[in-house]
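Summary of structural features
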There are 2 protein chains.
Amino acid sequence: MLVKLSVEEFSQILGSNSPAPGGGSVAALSGALAADLVSMVCNLSIGKKDFESFQTEISKTLQESQTLSKSLLKRVDLDTEAFNSVMAAFKMAKDTEQEKTSRAEAIQKGFKEAVLSPLGIAQECLEVLKLAGRLLGKSNSNALSDLGVASQQAFAGLEGAIMNVKINIPSIKDGDFVAETSSKTSTLLEEGRRVKDNIYEFVFEHFG
Amino acid sequence: MLVKLSVEEFSQILGSNSPAPGGGSVAALSGALAADLVSMVCNLSIGKKDFESFQTEISKTLQESQTLSKSLLKRVDLDTEAFNSVMAAFKMAKDTEQEKTSRAEAIQKGFKEAVLSPLGIAQECLEVLKLAGRLLGKSNSNALSDLGVASQQAFAGLEGAIMNVKINIPSIKDGDFVAETSSKTSTLLEEGRRVKDNIYEFVFEHFG
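All values derive from a computational prediction rather than experimental measurement.

A few words now on the environment of Val165(B). Residues and elements named next belong to chain B. Looking at the secondary structure, you find Val165 in helix H5 (residues 144-168). When the C-alpha positions of Val165 and Ala114 are compared, they lie 7.4 Å apart, and in sequence the two are 51 residues distant. Those residues in contact with Val165 that sit more than four places away from it in its chain are Val115, Pro118, Leu119, Thr181 and Thr185.

What follows is the structure, encoded as structure tokens:
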């Protein structure tokens, strides 16, 4: 498992001449780190008098950010597996007609997985962004830069995941699947930008 | 050392109730991962016939991205150390006049370090962004999404580091230092945006 490697080892393997892990796994990791920063800001705000009236909301946010972090860390590995299954499909035998059909089907199945995987990452990154937005003005202001970094990492994860959707879409022949996915990516990007801009405005206004 | 922890352990410590590691270390890690993706794209383009005429440039880029990755990984730990030294200064004795002076000096020294550390992260993230820009149209197009994710992570690292500069600046009393730093952060952000927008335009135009 990639997430069992040390940060240093993961960095080395990422930079190697193997195409996996690649951008999809990095997008998932970026989202997980964003979720962790949200958790930290919650932890630094729980039990503080200034935020007494928001304790229930903060505790709920913490629970959700911890769940999202775990899920996104799993996706670091899942995205690399999705990529590898496309590669494996391409290596299948194609001597007989039946083999050709099986191979073509496996390739299509693989590409759909290689689209659905980053789509799931993008969706969860948007959830993380929304959690960060929920804490604005309701959490420890000493950690405002951490909330800012959380939103950047979550949005970078979202956009990065969408790029991984977009690079695989042209290989998919199922028109309905393509149309549905394209519509979902537009909505995710639009909503993500809105939430992120809102957080940025708050953070940069505070910094002056 | 933080980078010797597994990715999973780093994620857990980040989300804990300790303010360090925080956003500054995440910004540095984001830059390192971006540099690794640049290295990967170089490695996937070296020895490929389509990019024969760019081999010298690609090899040079690879060398630079590997150096930047190592430096940014070191900064993951250095940024947390900088933060901890501010915290340590605040805990110094302040009973006598001399102790008060020593403590105030240590706090100012600590805050300057807590500004210079993310400033260095931002500068190196900009370098990574420039390397990604250099590869546009000169590298394996199968890895175009990876180049896109590299630019997102590098820019998120840059912006995240700047937020960490901005949150510490108000604590610094040295006016010249503040003026010089503010001017540097503006230039870094401006240049970073320009390079990133350029990469995005190329990548999204390609995806259609």
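Below, the discussion takes up the packing of helix H5 (residues 144-168) of chain A against helix H6 (residues 175-207) of chain A. All names here are of chain A. Taken N-terminus to C-terminus, the directions of H5 and H6 make an angle of 160°; their axes are 10 Å apart at the nearest point. Of the possible angle classes, the one that applies to H5 and H6 is roughly antiparallel. By crossing handedness, the relation of H5 to H6 is classed as left-handed.

Looking now at the relation of the copies chain A and chain B. For the pair chain A and chain B, the relating rotation is 180°, the translation along its axis is 0.0 Å, and the fit reaches an RMSD of 0.0 Å. Between the two chains, the operation in question is that of a two-fold axis. For chain A, the smallest separation between a C-alpha atom and the rotation axis is recorded for Ser6(A), amounting to 1.9 Å. A share of 100% of interface residues in chain A that are also interface residues in chain B marks the association as one of identical surfaces.

Residues and elements named next belong to chain B. Counted according to the given criterion, the structure contains six aromatic pairs over all chains. Summarising the aromatic geometry, the rings of Phe90 and Phe111 are spaced 6.1 Å apart at their centres and angled 80° between planes, so their arrangement reads as edge-to-face. You can see Phe90 sitting in helix H3 (residues 55-90) and its partner Phe111 sitting in helix H4 (residues 97-134), a full 21 residues away along the chain. Summarising the aromatic geometry, the rings of Phe204 and Phe207 are spaced 6.4 Å apart at their centres and angled 80° between planes, so their arrangement reads as edge-to-face. One end of the pair is Phe204 and the other is Phe207, both in helix H6 (residues 175-207) and three residues apart, which spans about a single turn.

With respect to the helices and strands, Ser11(A) occurs in helix H1 (residues 7-14). One polar contact links Ser11(A) to Ser69(B), side chain to side chain, over a distance of 3.3 Å. Not counting residues up to four positions away in its chain, the partners in contact with Ser11(A) are Asp36(B), Ser69(B) and Leu73(B).

Accessible area lost during the coming together of the parts is what is often quoted as the interface size. Contacts between the two partners involve 52 residues from chain A and, on the opposite side, 52 residues from chain B. Both faces combined, the contact of chain A with chain B buries some 4,400 Å², and carbon together with sulfur accounts for 68% of it. Counting across the interface, chain A meets chain B through two salt bridges. If you list the elements that add at least two residues to the side of chain A that touches chain B, you get H1, helix H2 (23-43), helix H3 (55-90), H5 and H6 of chain A. The biggest single contributor to the side of chain A that touches chain B is H5(A), with 15 residues. Split into classes, the residues belonging to the side of chain A that touches chain B amount to 24 nonpolar, 22 polar and six charged.

With that settled, consider the environment of Cys42(A). All names here are of chain A. Position of Cys42 relative to the elements: it lies in helix H2. Classification of Cys42 as buried rests on a relative accessible area of 0%. Through-space distance from the C-alpha of Cys42 to that of Ala132 is 9.7 Å; in sequence the pair is 90 residues apart. Ignoring any residue separated from it by four or fewer positions in sequence, one finds Cys42 in contact with Ile58, Thr61, Leu62 and Leu135.

So, on to the pattern of salt bridges. Residues and elements named next belong to chain B. Scanning the model with the defined rule gives 24 salt bridges over all chains in all. Between Glu64 and Lys60 there is a salt bridge; the shortest N-O distance is 3.0 Å. Of the two residues, Glu64 and Lys60 both sit in helix H3, four residues apart, roughly one turn of that helix. The salt bridge involving Glu191 is made with Lys130; its shortest N-O contact spans 3.1 Å. Pair noted here: Glu191 is in helix H6 and Lys130 is in helix H4, with a separation of 61 residues, a long-range link.

Procedures and definitions
- Residues numbered from 1 in each chain as written.
- Chains lettered and ligands numbered in written order.
- Predicted model: local features only at pLDDT ≥ 70, side-chain atom pairs only at ≥ 80, totals over all residues.
- Heavy atoms only, no water.
- Helix = DSSP H or I, 4+ residues; strand = E, 2+ residues; numbered from the N terminus.
- Contact = heavy atoms within 4.5 Å.
- Axes fitted to C-alpha atoms, helices over the stretch in contact; angles between N-to-C directions.
- Parallel < 35°, antiparallel > 145°, perpendicular 65-115°, else oblique.
- Left-handed = near helix turned anticlockwise from the far one by under 90°.
- Least-squares fit on C-alpha atoms with pLDDT ≥ 70 in both.
- Phe/Tyr/Trp six-rings, centres within 6.5 Å; stacked < 30°, edge-to-face > 60°.
- Polar contact = N/O pair within 3.5 Å; in protein donor to acceptor, adjacent residues only side chain to side chain.
- Buried area = accessible area lost by both parts, 1.4 Å probe.
- Salt bridge = Lys/Arg side-chain N within 4 Å of Asp/Glu carboxyl O.
- Nonpolar A, V, L, I, M, F, W, Y, C, P; charged D, E, K, R; others polar.
- Buried < 20%, exposed > 50% of the residue type's maximum accessible area, 1.4 Å probe, protein only.

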